[in-house]
Each structure stands twice: as C-alpha cells, then as structure tokens.
Amino acid sequence: MENFETGAIRTQTERTHYDEHSTPLFLTSSFVFQDAEDMRASFAGETNKNLYSRFSNPNVNEFTDKIVKMEGAEAGYSFATGMAAIFSTIAPLVESGDHILSCQSIFGSTHTLFKKYFPKWGIETTYFKAEEINEIEKYITPKTKILYAETPTNPAIEVIDLEILGKVAKKHNLILIVDNCFATPYIQKPIDFGADLVVHSATKLIDGQGRVLGGVVVGRADLVHEIFLFSRNTGPAMSPFNAWVLSKSLETLAVRVEKHCENALKVAEFLEAHPQVSLVKYPFLKSHPNYEVAKKQMKLGGNIVAFEVKGGIEAGRKFLNNVKMCSLSANLGDTRTIVTHPASTTHSKLSDEERLEVGITPGLVRCSVGLENVEDIISDLKQALEA
Ligand SMILES: *Cc1c(COP(=O)(O)O)cnc(C)c1O
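Keep in mind that what you see is a predicted model, and the values were worked out from it rather than measured. (Residues numbered from 1 in each chain as written. Predicted model: local features only at pLDDT ≥ 70, side-chain atom pairs only at ≥ 80, totals over all residues. Heavy atoms only, no water.)

> Could you give an account of the overall build of the protein chain, with specific residues and numbers?
Helix and strand counts for the protein chain stand at 14 helices and 12 strands. A compact globule built from 387 residues would reach a C-alpha radius of gyration of about 21 Å, and the protein chain, at 21 Å, matches this within 12%. Overall, the protein chain is about 75 × 55 × 35 Å in size when its C-alpha atoms are taken along their principal axes. Expressed as a percentage of its 387 residues, the buried residues of the protein chain come to 55%. Nonlocal contacts in the protein chain, meaning residues at least 24 apart in sequence, comprise 72% of its contacts between residues at least 6 apart. Here the protein chain has roughly 17200 Å² of accessible surface; of this, 53% comes from carbon and sulfur atoms. Each charge class in the protein chain can be summarised by its mean position, and for the 40 positive and 48 negative side chains these summaries are 2 Å apart. (Helix = DSSP H or I, 4+ residues; strand = E, 2+ residues; numbered from the N terminus. Rg over C-alpha atoms; globule rule 2.2 N^0.38 Å. Buried < 20%, exposed > 50% of the residue type's maximum accessible area, 1.4 Å probe, protein only. Contact = heavy atoms within 4.5 Å. Areas by Shrake-Rupley, 256 points an atom, 1.4 Å probe, with all protein chains shown as cover. Lys, Arg positive; Asp, Glu negative; His and termini not counted. Charge placed at Lys NZ, Arg CZ, Asp CG, Glu CD.)

> An account of the pattern of salt bridges is requested, with residue identities and associated values reported.
Counted under the stated rule, the structure contains 23 salt bridges. The closest approach of N and O atoms between Glu62 and Lys66, which form a salt bridge, is 4.0 Å. Of the two residues, Glu62 and Lys66 both sit in helix 3 (residues 58-71), 4 residues apart, roughly one turn of that helix. An identical accessibility class is assigned to Glu62 and Lys66; each is buried. One salt bridge in this structure joins Lys296 and Glu163, with 2.9 Å as the shortest N-O distance. On the criterion of sequence distance, the pair formed by Lys296 in helix 11 (residues 291-297) and Glu163 in helix 6 (residues 162-171) is long-range, its members being 133 residues apart. (Salt bridge = Lys/Arg side-chain N within 4 Å of Asp/Glu carboxyl O.)

> With reference to specific residues and values, describe helix 10 (residues 253-272).
For helix 10, built from 20 residues, the straight-helix expectation of 28 Å at 1.5 Å per residue is met to within 8% by its first-to-last C-alpha distance of 28 Å. Among the residues of helix 10, Leu253, Ala254, Arg256, Val257, His260, Cys261, Asn263, Ala264, Val267, Ala268, Phe270 and Leu271 are the ones counted as buried. (Expected span 1.5 Å × (residues − 1).)

> Explain the site of the ligand to me, and be specific about the residues and the numbers.
The local shell around the ligand holds 13 residues, among which Gly82, Asp179, Ser201, Thr203 and Lys204 are the closest. Between the ligand and the protein, one listed contact pairs an oxygen atom with a backbone N or O atom of Met83 at 2.9 Å. Within the side chain of Asp179, one N or O atom sits 2.7 Å away from a nitrogen atom of the ligand. Looking at the shell around the ligand element by element, the count peaks at 3 residues for helix 4 (residues 82-90). Considered class by class, the residues forming the shell around the ligand number 5 nonpolar, 5 polar and 3 charged. (Near = heavy atom within 4 Å. Polar contact = N/O pair within 3.5 Å; in protein donor to acceptor, adjacent residues only side chain to side chain. Nonpolar A, V, L, I, M, F, W, Y, C, P; charged D, E, K, R; others polar.)

> Can you break down the packing of aromatic side chains residue by residue, with the values?
As enumerated under the stated definition, the model contains 13 aromatic pairs in all. Here Phe87 and Trp121 contribute two aromatic rings whose centre-to-centre distance is 6.3 Å and whose plane-to-plane angle is 55 degrees, an arrangement assigned as tilted. One end of the pair, Phe87, is in helix 4; the other, Trp121, is in the loop between helix 5 (108-117) and strand 3 (124-128), with 34 residues separating them in the sequence. According to the relative accessible area criterion, Trp121 is partly exposed, its value standing at 45%. Geometrically, the ring pair formed by Phe307 and Phe319 is edge-to-face, given 5.6 Å between the ring centres and 90 degrees between the ring planes. Of this pair, Phe307 sits in strand 9 (residues 304-309) while Phe319 sits in helix 12 (residues 312-322), and the two are 12 residues apart along the sequence. With respect to burial, Phe307 and Phe319 carry one shared label: buried. Members of the aromatic cluster, connected to one another through ring pairs, are Phe87, Phe114, Phe118, Trp121, Tyr148 and Phe230. Residue placement shows Arg232 over the ring face of Phe55; its charged tip is 4.4 Å from the ring centre. Its end group placed over the ring of Phe284, Lys295 keeps NZ or CZ at 4.3 Å from the ring centre. (Phe/Tyr/Trp six-rings, centres within 6.5 Å; stacked < 30°, edge-to-face > 60°. Lys NZ or Arg CZ within 6 Å of the ring centre and 35° of its normal.)

> I'd like a rundown of the domain arrangement of the protein chain, residues and numbers included.
Looking at the protein chain, the domain boundaries give domain 1 (4-250) and domain 2 (253-386). Here the C-alpha centre of domain 2 lies 27 Å away from the C-alpha centre of domain 1. Taken residue by residue, the interface counts 34 residues in domain 1 and 37 residues in domain 2. With both sides pooled, the region where domain 1 packs onto domain 2 buries about 3000 Å², and carbon together with sulfur makes up 61% of that total. Linking domain 1 to domain 2 there are 3 salt bridges. The interface formed by domain 1 and domain 2 holds 17 residue pairs in polar contact (both at pLDDT 80 or more) in total. Looking at which element gives the most residues to the side of domain 1 that touches domain 2, the answer is helix 7 (residues 184-187), with 3 residues. For the side of domain 1 that touches domain 2, the class distribution of residues is 16 nonpolar, 11 polar and 7 charged. (Domains from an automatic or database assignment. Buried area = accessible area lost by both parts, 1.4 Å probe.)

So, in structure tokens, the structure goes:
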C-alpha cells in the first residue's frame with residue numbers, strides 16, 4: 001500500500017489538455033455527453049462519468065479518494081459540513097423504531113440531532129458514559145442498529161476503546177460509526193478496530209487553516225452507496241471550491257499534525273507543572289486515566305489539551321480575558337492556538353450537574369494548540385494564568 005504522505009500528495013484527478021501540475025478547480029455544475037447513448041449509459045451508472053456536481057465532481061472525488069485511502073476504507077462521499085456528513089450518514093441507515101447507542105460526550109450539534117430531531121421520527125438514542133465502556137452491552141436492545149462514538153471526546157478529552165466498540169458491534173451486528181475528527185486518519189484509523197463508517201468534520205484539522213467548511217464519510221462500500229443515494233437526492237454536497245482547498249490541505253496533513261501534537265504535548269507538560277492548574281487532560285500524558293488505551297489506538301496525542309484553572313467559572317473567564325496571542329474562537333485544529341471556556345459559552349445553558357455529567361468542570365479551558373512557536377504559546381498561557 002502507498003504510504004500515507006505519498007497518497008495525500010500524489011492522488012490526483014486526471015490532468016486536462018493543459019498538463020497542469022497542481023489539480024485545477026473544476027467549477028462546473030454539470031458535465032456534457034457525446035451523444036444520446038453516452039448520456040443514457042452515464043445515467044444508468046454504466047460509466048464513471050460525472051453527471052452533475054450534486055452527485056460528483058472531479059475536485060470532490062479527489063478529496064474523497066484521499067480520505068478513503070488514508071482511513072483504509074472502501075468508499076466515501078463528501079459533504080458541505082461535518083454536520084451534513086453526520087446527519088446524512090445516519091439518516092438513510094435508520095428507520096422509525098430503531099435505536100442508537102452512543103457515547104455521552106459528543107459534539108453539541110450531534111447531541112441535538114440525537115435528542116431533539118431523531119426522536120420526532122421515532123429514533124431513540126441512549127448514551128453510555130466513557131467509564132462504562134466494559135458494560136455497554138447492557139444498553140443494547142433488539143432495536144439497536146447503530147453504535148456511535150467520538151474519540152477523543154470534546155471537550156472532556158476522554159479516550160474510548162475502539163477495540164471494545166469494534167467487538168461489541170460485530171457480536172451484536174451493529175453498524176459502528178466513529179467521528180474521527182479530533183484524531184484525523186494520521187493519528188487513528190477506526191476501521192482497523194472494526195468501524196464500519198468513519199465521519200469527519202473536514203473544517204477542523206483536515207483544513208487546518210480555518211478557511212472552509214467540509215465533511216466526509218468513508219467506510220464499507222454497501223453503506224456508503226446507501227448514503228450516496230440519499231445524499232444525491234437531498235443535496236448536502238461539498239462545493240468543488242471547498243474540495244479543491246481541502247485536497248491541498250491534505251498534502252500537508254502529516255507534517256501539520258506531527259507539529260500540532262509535538263506542541264500540544266509540550267503545552268500539556270507545562271500546564272501539568274503549573275500551580276494555578278489543578279488538572280490537565282491530554283491522551284499522551286501518563287496521568288490521563290485512559291493513557292494505555294490512547295497509546296494502543298493513537299499514534300500521537302492530538303492537538304487538544306483540556307485543563308482546569310483553579311478558582312472555578314470566574315477563574316476560567318479571567319484566564320480567557322488575559323490571553324494576549326491565543327484567539328478566543330469556536331473553531332479548532334487551526335494553525336492559530338485557540339482557547340475556549342465551555343462552562344460560560346457552549347455549555348452555559350446546562351446546570352452544574354449536567355455539565356459535570358459530560359465532564360465539564362467550572363474552570364475547564366479547552367486549548368486547541370496551533371503551529372506558532374511553542375515557546376510563544378506557553379509564554380502566553382503562563383502570563384494569562386499568572387495575571
Ligand atoms: C466541528 C465538529 C463537528 C461538526 O462539523 P462542522 O464542519 O462544523 O459541521 C462534528 N464533530 C466534531 C467532533 C467536531 O469537532
């Protein structure tokens with residue numbers, strides 16, 4: 001098999017007659033046919049031609065092919081956003097009466113989908129806590145169709161054992177879907193542990209430069225075909241422009257992720273030694289409760305570090321007000337280091353107890369460590385902790 005970096009760089013759609021070296025942008029909504037027979041055969045799926053960019057487009061195909069290779073999958077389909085990918089992956093695979101079993105700490109909009117919208121269509125979701133990983137079978141019912149997980153989780157940075165999920169899914173004939181956004185395929189390949197489908201928000205580390213939105217699903221060809229048929233009719237397609245940007249982004253994914261993780265480990269070690277910090281959560285710190293699992297399934301620790309500033313909600317807010325270089329922003333996986341305070345922002349509507357349920361303590365700060373010089377990142381965090 002082609003090595004990761006080589007596939008990321010050398011996977012290329014066909015050259016046009018201009019012989020361009022770097023793949024051009026195919027901004028076209030549709031494609032032409034030679035004659036009636038060519039058109040008939042293309043519509044019947046007997047050719048590999050692109051028909052219409054809601055179905056496929058050369059730039060989107062190139063981006064998707066790269067992620068398919070990186071994750072070791074059979075097929076894939078790309079979407080306008082990560083949430084479009086998550087919704088359009090699950091929707092065609094479930095029907096009224098089905099049940100989803102998911103880890104509790106998941107992306108906020110995925111939670112809204114599971115708890116506000118799917119129940120309207122008779123699809124119920126049960127959550128398991130990260131520490132219940134050895135007993136999740138107790139939640140499986142004859143109606144359970146999908147096992148869903150994110151790892152590492154946001155913002156609590158729990159690590160969920162993919163090997164256990166893969167075994168349980170196989171034993172009970174469930175479709176295992178893993179949101180691999182925080183790890184990227186460079187760090188973690190859920191399909192190796194038995195995942196049937198892997199979803200991504202390409203907006204995060206895959207773009208890595210805070211420019212465009214995107215999403216993708218890859219995995220088993222039969223399931224991806226169902227997702228494709230649903231999506232070509234419902235229309236959540238990725239734009240060719242975003243696909244062109246994201247395909248370029250993938251050329252540098254390996255080097256960016258290496259550096260992100262190197263910086264993040266140094267930041268985590270600095271924070272762990274700081275007297276104003278009571279707890280640091282980073283998968284590759286020995287103090288992380290799931291350190292052994294992280295080492296088993298992840299090549300590196302990722303770029304997200306969560307830590308508890310002593311002094312509760314007010315201390316968390318004060319820390320944010322005192323950073324000078326780091327950005328206060330909702331994105332993550334950017335070249336720029338970003339800090340957020342979940343208790344006063346994304347999770348402010350929950351009660352203290354509800355927040356604790358999902359691992360959000362009052363002074364918890366989430367730091368998406370960027371690619372600036374790590375000494376500059378650390379000195380900004382240090383002055384903000386000591387201000
Ligand atoms: C951001 C994110 C999403 C949603 O992606 P969008 O591109 O913003 O729609 C889904 N899952 C995780 C883990 C994320 O961080």
